[in-house]
Amino acid sequence: MANTPLAVLDLVPISSGSTASQALRNSIDLAQQAERLGYARYWFAEHHLNPGVAGTSPAVVLALTAAATSTIRLGAGAVQLGHRTALATVEEFGLLDALHPGRFDLGLGRSGGRPAPSGRQPALVGAAAVVDGRTPGGLRIPARFSFEHLLRHPRFVLHKKLLQQPGAESQPYDEQIADVLALLAGTYATADGVEAHVVPGEGAELEVWILGSSAGISAEVAGANGLRFAANYHVSPATVLEAAEAYRAAFTPSAELARPYVSVSADVVVAEDESTARELATGYGLWVRSIRSGDGAIPFPSPDEARTHAWTKEDRALVEDRLETQFVGSPRQVADQLETLRDATGADELIITTITHDHADRVRSYELLSDEWGRR
């Protein structure tokens, strides 16, 4: 696993004092730099109603980025299927593939959809091996963070109101994934034999990925369909082991994959030395607090702005697990931590998400990491 590929996940963050326009330009520039540095792929996330995040439509940003790059794989990490249909998703990515064939990853997430059905969970050997919050190799696995308060937050209700048509109900996730795959393969037909053929879209050269945070329906669907799976250490570090293991337990070989393939995400800030890296990461806790409070991501604060916040015990509880599991330091320190993450999860690939207030520092972080990783 010495040559484990590194990839990039980008939310198109807006820094304090900047604009969405500049954030988009920065992200396209970072994709160009990632291509130069040899990163395996570049994904855009989907988020809505966040003052500090401009990545609202992966397909649109992907089209812009594809025109500015040549070889790096591009993708969604992930399209939120909770407010979309299989047809609309295949049509959008079919259009992208028609102009840039073979370059796109269609990452699919359940966000905003129906609650996952409760069912029998597999025995999770690796997750059970965690002792005092650490794996045998030393990876930090914090206590579970409860997202229940976010589901009750008025902003979450507003999300559903604005993203879905009145009275609409999300399709069951496993059925939705089956429809996406059938539309791509050209095998979709209704129970009474009516066929649907998507042009462009049918036969598109897309890699389909499922993104998931736990040992639930996402991991099961990815495994059962023989698809690639991305597990979320940077958002839900407590459940990354069970997510990867549940996927492997459910895996059935497909025409696409003969064996499971897992990518695992990590929040990373790299600088020439640890003290500089920690200074660059100063705003991270306040930014995570804004998300975890339910109010939406604020523009990413500068270190000086972040230091003015008066932290309460409740604030710290919102962000503790994320701060403990962010990898911040020199290139060697962070690469060592990424190797620990890889070994604990059995990851085939690692996906790196880095946010700093200054764009040049963000580019430099990816550059330093790439150089160090290439020497391993």
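For the structure itself, consult the block above.
Now for a look at the structure at hand. (Residues numbered from 1 in each chain as written. Predicted model: local features only at pLDDT ≥ 70, side-chain atom pairs only at ≥ 80, totals over all residues. Heavy atoms only, no water.)

## Quick look at the pairing of strand E7 (residues 228-231)
Where we set the bar: Classification of residues uses two cut-offs on accessible area relative to the type maximum, computed with a 1.4 Å probe and protein chains only: under 20% is buried, over 50% is exposed, and between them is partly exposed. Secondary structure elements are defined from DSSP: runs of H or I of at least 4 residues count as helices, runs of E of at least 2 residues count as strands, and each element is numbered from the N terminus. When DSSP finds two or more bridges between two strands, those strands count as paired. Look down the strands so they point away from you; if going from the first strand over the helix to the second traces a clockwise path, that crossover is right-handed.
Alternating positions in E7 separate into two faces, Arg228 and Ala230 on one and Phe229 and Ala231 on the other, with burial throughout. With four bridges connecting them, strand E6 (residues 207-212) and E7 associate as parallel partners. Opposite tryptophan 209, over in E7, you have arginine 228 as the bridge partner. Viewed along the sheet, the connection from E6 through helix H8 (residues 217-224) into E7 turns out right-handed. Pairing between E7 and strand E8 (residues 262-270): three bridges, direction parallel. From the neighbouring strand, phenylalanine 229 faces E8, where its bridge partner is valine 262.

## Brief notes about a nonpolar patch on the surface
Quick reminder of the rule: Residues forming no salt bridge and having over 30% relative accessible area are the ones grouped into patches, like charges within 9 Å of each other and nonpolar side chains (Val, Leu, Ile, Met, Phe, Trp, Tyr) within 5 Å. We get accessible surface area from the Shrake-Rupley algorithm with a probe of 1.4 Å; when it comes to residues, only the shown protein chains can shield them. A pair is scored as a salt bridge if a Lys or Arg side-chain nitrogen falls within 4 Å of a carboxyl oxygen belonging to Asp or Glu.
Together, Leu49, Leu158 and Leu162 line one region of the surface with nonpolar side chains, adding up to about 270 Å² of accessible area. Mapped onto the elements, leucine 158 comes out in helix H6 (residues 154-163).

## With respect to the nonpolar core
The condition that has to hold: Working definition of a nonpolar core: buried Ala, Val, Leu, Ile, Met, Phe, Trp, Tyr and Cys residues. They are joined through side-chain atoms within 4.5 Å. Here, residues are in contact when the closest pair of their heavy atoms is within 4.5 Å.
Counting 97 residues, the largest nonpolar core has Leu108 and Leu338 as its most contacted members. For this core, the element with the most residues is helix H9 (residues 240-250), which contributes six residues. When sequence neighbours within four positions are dropped, the list of residues in contact with leucine 338 reads Ala266, Val268, Phe327, Leu350, Ile352, Leu369 and Trp373. Within the second largest apolar cluster, six residues are counted, among which are Val269, Ala271, Ala277 and Leu280.

## Considerations on the pattern of salt bridges
Going through the model one piece at a time under the given rule, you end up with 25 salt bridges. Two residues, arginine 292 and aspartate 321, come together in a salt bridge whose shortest N-O distance is 2.9 Å. Here arginine 292 is found in helix H11 (residues 284-292), whereas its partner aspartate 321 is found in helix H13 (residues 313-324), with 29 residues between them in sequence. Across this residue pair, the class does not change: arginine 292 and aspartate 321 are buried.

## Observations concerning the packing of aromatic side chains
Which entries qualify depends on this criterion: Stacked, tilted and edge-to-face are the three classes assigned to paired rings of Phe, Tyr and Trp, where Trp is represented by its six-membered ring and a pair needs centres within 6.5 Å; plane angles under 30 degrees give stacked, over 60 edge-to-face, the rest tilted. Only Lys NZ and Arg CZ are tested; either one counts as a charge over a ring when it is within 6 Å of the ring centre and within 35 degrees of the ring normal.
Applying the stated rule across the entire model yields 10 aromatic pairs. When the centroid spacing of 5.2 Å and the interplanar angle of 55 degrees are considered together, the rings of tyrosine 42 and phenylalanine 44 count as tilted. Measuring from centroid to centroid gives 5.1 Å for phenylalanine 229 and tyrosine 247, while their planes differ by 20 degrees, and the two rings are stacked. Pair noted here: phenylalanine 229 is in strand E7 and tyrosine 247 is in helix H9, with a separation of 18 residues, a long-range link. With a relative accessible area of 0%, tyrosine 247 lands in the buried category. Aromatic ring contacts, followed pair by pair, group Trp43, Trp209 and Tyr261 into a single cluster. Looking at arginine 228, its charged tip hangs above the ring of tyrosine 261, at a distance of 5.9 Å from the centre. Sitting over the ring of phenylalanine 145, arginine 292 keeps its end group 3.7 Å from the ring centre.

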